[in-house]
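Observations on the model geometry
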Amino acid sequence: MPDLLTIGELSARSGVAPSALRYYERLGLIRADRTGGNQRRYARAELRRVAFIRISQQVGVSLDEIREALDSLPEARTPSPQDWARLSASWRSRLDERIRLLSRLRDDLDGCIGCGCLSLQRCTLNNPEDTLAGEGPGARLVLPRPTDDPTLASSLN
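What this report covers is the structure whose coordinates are included nearby. Since we're looking at a predicted model, the values are computed, not measured. (Residues numbered from 1 in each chain as written. Predicted model: local features only at pLDDT ≥ 70, side-chain atom pairs only at ≥ 80, totals over all residues. Heavy atoms only, no water.)

What follows is about the pairing of strand S3 (residues 40-43). In this sheet, S3 lies alongside strand S1 (residues 4-5) in antiparallel orientation, the contact comprising 2 bridges. Opposite leucine 5, over in S3, you have tyrosine 42 as the bridge partner. Where strand S2 (residues 33-34) and S3 come together, 2 bridges link them in antiparallel fashion. Note that in S3 the partner of aspartate 33 across the bridge is arginine 41. With antiparallel pairing between neighbouring strands as the criterion, S2 and S3 make up a hairpin whose turn holds 5 residues, including asparagine 38 at a positive phi of roughly 70 degrees. (Pairing = 2+ DSSP bridges. Helix = DSSP H or I, 4+ residues; strand = E, 2+ residues; numbered from the N terminus.)

So, on to the packing of aromatic side chains. For any pair of aromatic rings, the description rests on two quantities: the centre-to-centre distance and the angle between the ring planes. In the structure shown here, the tally under the stated rule is 2 aromatic pairs. With a centroid separation of 5.3 Å and 55 degrees between ring planes, the pair formed by phenylalanine 52 and tryptophan 84 is classed as tilted. Of this pair, phenylalanine 52 sits in helix H3 (residues 46-58) while tryptophan 84 sits in helix H5 (residues 81-110), and the two are 32 residues apart along the sequence. A relative accessible area of 12% places phenylalanine 52 in the buried class. (Phe/Tyr/Trp six-rings, centres within 6.5 Å; stacked < 30°, edge-to-face > 60°. Buried < 20%, exposed > 50% of the residue type's maximum accessible area, 1.4 Å probe, protein only.)

Let's shift gears to the sheet that holds S3. Read from one edge of the open sheet, 3 strands run S1-S3-S2, paired in antiparallel fashion. Because the sheet does not close on itself, it has two edges, and the strands there are S1 and S2.

Time to look at the environment of phenylalanine 52. On a C-alpha basis, the gap between phenylalanine 52 and isoleucine 66 in space is 8.4 Å, while along the polypeptide they are 14 residues apart. Here phenylalanine 52 is in contact with Ile66, Ala69, Leu70, Trp84, Leu87 and Trp91, once residues within four sequence places are set aside. (Contact = heavy atoms within 4.5 Å.)

If you check which residues of helix H1 (residues 7-14) are buried, you get Ile7, Leu10 and Ser11. Seen end-on, H1 carries its buried residues on one side only, within an arc spanning 100 degrees. Summarising the geometry of H1, the exposed residues directed more than 90 degrees from the buried face are Ala12 and Arg13. Summarising the contacts, the buried residues of H1 are in contact with S1, helix H2 (18-26), S3 and H3. Note on H1: the residue one or two positions beyond its end, glycine 15, has a positive phi of about 80 degrees. (Arc of directions from axis to C-beta.)

This part covers the nonpolar core. Counting 23 residues, the largest nonpolar core has Leu21 and Ile66 as its most contacted members. Breaking this core down by element, the ones donating at least two residues are H1, H2, H3, helix H4 (63-71) and H5. Those residues in contact with isoleucine 66 that lie beyond four places of it in its chain are Leu29, Phe52, Ile53, Ser56, Gln57, Val61 and Trp91. (Core = buried A, V, L, I, M, F, W, Y, C linked by side-chain atoms within 4.5 Å.)

See below:
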């Protein structure tokens, strides 16, 4: 098995379009060497980085956050389990908060009858006459409110 992959091989193995791989490279998320004919060649370890990028995006992590995390990994060698564990620990609280919000949304939607439902008094998406606009953008009854989360309240001051 060759140590270097063409962009087509990396695309086929990762399930990511070549255009996306070029974009990731432009952003500094992955690296490629160039042949004498200026063709990209990727180290096989880039497969792990691409997989990390894709799963991170799927759970809502921004490309800027992904780049910051990948920049913390060693450049000259394949990341070790300890490197990945350190990265994972730095994301744990953010991922836990996303899981909490997704679980709350799932549970709230389980009880939702739908648009025009009979439980508008309890609906967390209902905001008659935009009365919650002063608290900020978004679904204010679903998202953490400054009064619900002391760390959020202090960051807004």
